[in-house]
Amino acid sequence: MVSERVYNLTHSNKTLTSALAADPKESPGELGKKLYEEHHHGIHKPNATGGILATVKGMLKSGATPEEAKEVTAEDEPSQEDLDKAAECGQFGARPSDLFLKIYHDVLKTLDVDPWAGYVSPPLVGSRGVVPLSIISYIPDIIQHHYDCIIRAEHEVFLATNFWQASKSATKICDAFIELSKRAEKRGKRVVVKMMYDRATLKMITESHLFVDEAEWTSDAVKIPKKEEMPWVDFQLVNFHQPVLGTFHCKFMVVDRKMALLCSNNIQDRPNMEMMSHLEGPIVDSLYDTALISWYKAMDPPLPLLGRPYQPPEGGYRFGLENEYATTHILDGSRGEEIFRATREKGEQARDEDEAKTSEEAKGDGRVFIAGKYQTITDHINAGDQTTMATTDLDPSREYTPHVLHAPHQEVPMVLMNRPPYGKPGNDERALLCPQAAAWLAALKHAREKVFIQTPTFSAAPVIDAVLGAVRRGIEVTLYVDVGFNDGGEALPLQGGTNEEVVRAMYAKLEEHEKERLKYYWFTARDQGKPINAHLQQRNCHVKLMVVDDAIGIMGNGNQDVQSWFHSAEVNVMIDSHDICREWLDTIERVQNTHLHRVGHDGVYRDAQGVELQDSTGVTKGVKGVIKGIQGSIARVRGTGGF
């Protein structure tokens, strides 16, 4: 049941954004402490502990025995009255589906203890929006869209990433800042850019949010342009990490309060398949509010659009190349090629680097139309940094289309399901009382037919138990996981174990007749005939996606590991749209070969010749395992663990 307190919170006329607009020189973090004082129990206050643990333990029942799972499902099924009240606690436009509301109902419970459990003002947790574009591809494609959006900013940009590393990807973002400055100068109006990352230092023992000065941001490790190279940009940078384990794992961007990008990738060069969604609509204001609480410190200068809420585009939302942030870089496949040719015939700007080649000539040398130009799939994946060769014939009937130009649609219900950072070591159940954990667990609890999850790591006890519980009650659960995508820290006690250890243990806990419903696959790139161990840094996957009953999609920053479940700050969005979910799933099948490489019922993968993959992590038991685990944990805290 939604409590009266939560109902009032979600209907409040107070948000952090509106409070800061009224007092723009104040610290957003300090304003947030006062904003909902009359409702604030506080997740860390002793008198709230009992209620928190009871709520969390109730959530975790989804991993119970078969008999308990059926009993709990019946007990925890919200009534129609509960769903009606939940529907009133969000700015959804139209009533969401019952499945969406069941998940949202559990999300709302987390606000009962702490209004800031969602890392966003409560009135902005439930919202709506559209998704004109998604990209399920390698980092250069996603960074290119960041560039195309940044240079079109007229007022402000807020860019958040977990780890920033001097690299080709970072250079592309820096080029965007410089181009933005040039455009601002032509308009005669400055642009404010706020940026955040996590590069943990010892200074954070006393202060977790640190302003980064120009000498540091221009150093060899970071290489952001000097102020004189972008004179019409008012640039500020905050480095944030909550000791010890409270990593700022967020990866998103908001431009002019008109659009937002939410993605899985850091700004660095890695051979990772990633996922990004371009969001428009009132949900942008939710991400904007999260940006402010993440920043925490007073801004100088303030963001210029603090007092202007999201405004829909004149004439309605635009999709495909009609969207103002779209360029021909987002065109793939035969459909993209047609649009590209039509654009060129109209005399509009085209960005094909090989326009002289006809489609027929390109196909003759194995090239296809990807990201606005002709190239082979392997060259696209290698991105100029790899020399990995294809090991399988490419099926021409499966077009490789990593840019998802979503079909035009009306606003759909959305929920921002975040988690704030929690730095205290150990897997404290109180850290699970947040919308991210509540939504993931509720999705597995209320699924009626099937759940799909893609994640680089799958090792957190709550999600393992929840998946096993779903399988036992008859739900088909498909897991796409990256073999070897673990740092040494996951071999330490309480860290869940490596992907390979976990999958074997999961199958061992299931009855023989249940094992067929757990469909576990190792990520395999589109040009590969079998999985490649992630530690080789050749073909990895860093996508974070959950789809429930082909209708509810959750994407964003959070991995299915202990770090993301218990410690890191994360931002995710849940959408209520069968069409968008279907477009995501169809694209995943087109751009990967993962669906061809399932592990056996013993949790072990064998290729067509019956040969097992070699151990990928190099993690060992005993003293060596502990040493490697400590090294991996240090790398994770420093932001260099690859997560």
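All chains use their own residue numbering, which begins from 1 and follows the written sequence. Per-residue local features of the predicted model are confined to residues with pLDDT of at least 70, and side-chain atom pairs are confined, for both listing and counting, to 80 or more; whole-chain, interface and lining totals are unaffected and use all residues. By convention in this description, side-chain values take in all heavy atoms of the structure and omit both hydrogens and water.

Going by what an unreviewed UniProt entry lists, the protein chain is known as PLD phosphodiesterase domain-containing protein and is assigned to Rhodofomes roseus.

## A closer look at the pattern of salt bridges
Every case where a carboxyl oxygen of Asp or Glu lies within 4 Å of a side-chain nitrogen of Lys or Arg is listed as a salt bridge. All told, the structure shown has 30 salt bridges when counted by the stated rule. With a closest N to O distance of 3.2 Å, Lys33 and Glu30 form a salt bridge. Highlighted residues: Lys33 and Glu30, both in helix α3 (residues 28-35), separated by three residues, approximately one helical turn. The partner of Glu516 in a salt bridge is Lys519, with the nearest N and O atoms 3.0 Å apart. Among the residues examined, Glu516 registers a relative accessible area of 39% and is labelled partly exposed. Under the DSSP-based scheme used, a helix requires at least four consecutive residues in state H or I and a strand at least two consecutive residues in state E, with every element numbered from the N terminus. The buried label goes to any residue with under 20% of its type's maximum accessible area, the exposed label to any with over 50%, and the partly exposed label to all in between, with areas taken from a 1.4 Å probe on protein chains only.

## Digging into the pairing of strand β1 (residues 126-138)
Along β1, twelve of the 13 residues are buried, which leaves the element largely enclosed by surrounding structure. Judged from the three bridges that link them, β1 and strand β12 (residues 403-405) form a sheet pairing that is antiparallel. Looking at β12, one finds that Leu133 is bridged to Leu405. One bridge is not enough; two strands pair if DSSP finds at least two bridges between them.

## Regarding helix α6 (residues 80-87)
Every buried residue of α6 is listed here: Asp82, Leu83, Lys85, Ala86 and Ala87. Contact between two residues is taken to exist if any of their heavy atoms lie within 4.5 Å; hydrogens are not considered. Along its buried surface, α6 packs onto α1 (4-10) and α7 (98-109).

## So, the side chain of Thr478
Tracing the backbone shows Thr478 in strand β15 (residues 476-481). Excluding residues that lie within four positions of it along the chain, Thr478 makes contacts with Val451, Phe452, Ile453, Lys519 and Tyr521.

## Some thoughts on the UniProt feature "domain: PLD phosphodiesterase" (unreviewed entry) in the protein chain
Feature annotation in UniProt places "domain: PLD phosphodiesterase" (unreviewed entry) on residues 244-271 and 542-564, given in this structure's numbering. The span residues 244-271 is 0% helix and 39% strand, and its two end C-alpha atoms sit 28 Å from each other. End-to-end, the C-alpha atoms of residues 542-564 are 13 Å apart, and along that stretch the chain is 13% helix and 39% strand. UniProt positions are given in the numbering used here, feature names are shortened, and annotations may be inferred rather than shown by experiment.

## Quick look at the packing of α6 against α7
Between N-to-C directions, angles span 0 to 180 degrees; the directions come from axes that are lines fitted to C-alpha atoms, helices contributing only their stretch in contact. At a minimum axis separation of 9 Å, α6 and α7 run at an interaxial angle of 75 degrees. In terms of axis orientation, α6 runs roughly perpendicular to α7. Contact with α6, carried on its side by Gln80, Asp82, Leu83, Ala86 and Ala87, involves Asp98, Leu101, Lys102, Tyr104, His105 and Leu108 of α7 and no other residues of that element. Residues were grouped as follows: Ala, Val, Leu, Ile, Met, Phe, Trp, Tyr, Cys and Pro as nonpolar; Asp, Glu, Lys and Arg as charged; and all remaining residues, including Gly, as polar. Within the contact of α6 with α7, the residues separate by chemical class into six nonpolar, two polar and three charged. Angle categories are assigned with fixed cut-offs, so that under 35 degrees is roughly parallel, over 145 is roughly antiparallel, 65 to 115 is roughly perpendicular, and the rest are oblique.

## What about unusual backbone geometry?
For the peptide bond that leads from Pro243 to Val244, omega is 0 degrees, which places it in the cis range. As for its placement among the helices and strands, Val244 is situated in the loop between β5 (233-242) and β6 (246-247). With an omega dihedral of 0 degrees, the bond running from Asp300 to Pro301 counts as a cis peptide bond. Its place among the elements puts Pro301 in the loop between α11 (283-295) and α12 (333-345). Positive phi, close to 50 degrees, is recorded for Asp549, a residue that is not glycine. Position of Asp549 among the secondary structure elements: in the loop between β18 (545-548) and β19 (552-556). Its identity is not glycine, yet Asp550 carries a phi of approximately 60 degrees, on the positive side.

## Brief notes about the packing of aromatic side chains
By convention, a stacked pair of Phe, Tyr or Trp rings (six-membered ring in the case of Trp) has centres within 6.5 Å and planes under 30 degrees apart, an edge-to-face pair has planes over 60 apart, and any other such pair is tilted. The tally for this structure, following the rule as stated, stands at 15 aromatic pairs. Taking 6.1 Å as the distance between ring centres and 65 degrees as the angle between the ring planes, the aromatic pair formed by Phe211 and Trp295 counts as edge-to-face. One end of the pair, Phe211, is in strand β4 (residues 209-211); the other, Trp295, is in helix α11, and 84 residues separate them in sequence. A relative accessible area of 0% places Trp295 in the buried class. For the pair Trp217 and Phe235, a centre-to-centre distance of 4.9 Å together with 75 degrees between the ring planes defines the contact as edge-to-face. One end of the pair, Trp217, is in helix α10 (residues 214-217); the other, Phe235, is in strand β5, and 18 residues separate them in sequence. Given a relative accessible area of 9%, Phe235 falls into the buried group. Three or more aromatic residues link up through ring pairs in this structure, and these residues are Phe158, Phe211, Phe252 and Trp295. Positioned above the aromatic ring of Tyr147, the side-chain terminus of Lys172 is 4.6 Å from the ring centre. Two thresholds decide whether a charge sits over a ring: the Lys NZ or Arg CZ must be within 6 Å of the ring centre and within 35 degrees of the ring normal. The ring of Trp232 is capped by Arg190, whose NZ or CZ atom sits 5.9 Å from the centre of that ring.

## Observations concerning the nonpolar core
Phe252, Phe458 and Val467 are the most contacted members of the largest nonpolar core, which totals 140 residues. Beyond its immediate chain neighbours, meaning those up to four positions away, Phe252 contacts Phe158, Leu159, Ala160, Leu261, Leu262, Leu287, Thr290, Ala291 and Val571. Side-chain atoms within 4.5 Å link the members of a nonpolar core, which is a set of buried Ala, Val, Leu, Ile, Met, Phe, Trp, Tyr and Cys residues. Of all hydrophobic cores here, the second largest spans 47 residues; its members include Cys149, Ile150, Phe177 and Ile224.

## Considerations on the confidence of the model for the protein chain
Close reading of the predicted structure is inappropriate where its pLDDT is low. Per-residue confidence from the predictor is reported as pLDDT, which spans 0 to 100. Across the protein chain, the average pLDDT comes to 90, with 86% of residues at or above 70. Counted against residues more than four places away or in other chains, residues 42-52, with its pLDDT under 50, gives 15 contacts. Of the regions scoring below 50 in pLDDT, residues 350-356 engages in 18 contacts with residues more than four places distant in sequence or in other chains.

## Quick word on α3
For α3, the complete set of buried residues consists of Pro28, Gly29, Leu31, Gly32 and Leu35. Seen along its axis, α3 keeps its buried residues to an arc of 160 degrees; they face one direction. Where the residues of α3 are buried, they touch α2 (16-22) and α11. Arc, as used here, means the arc of the directions from the helix axis to the C-beta atoms.

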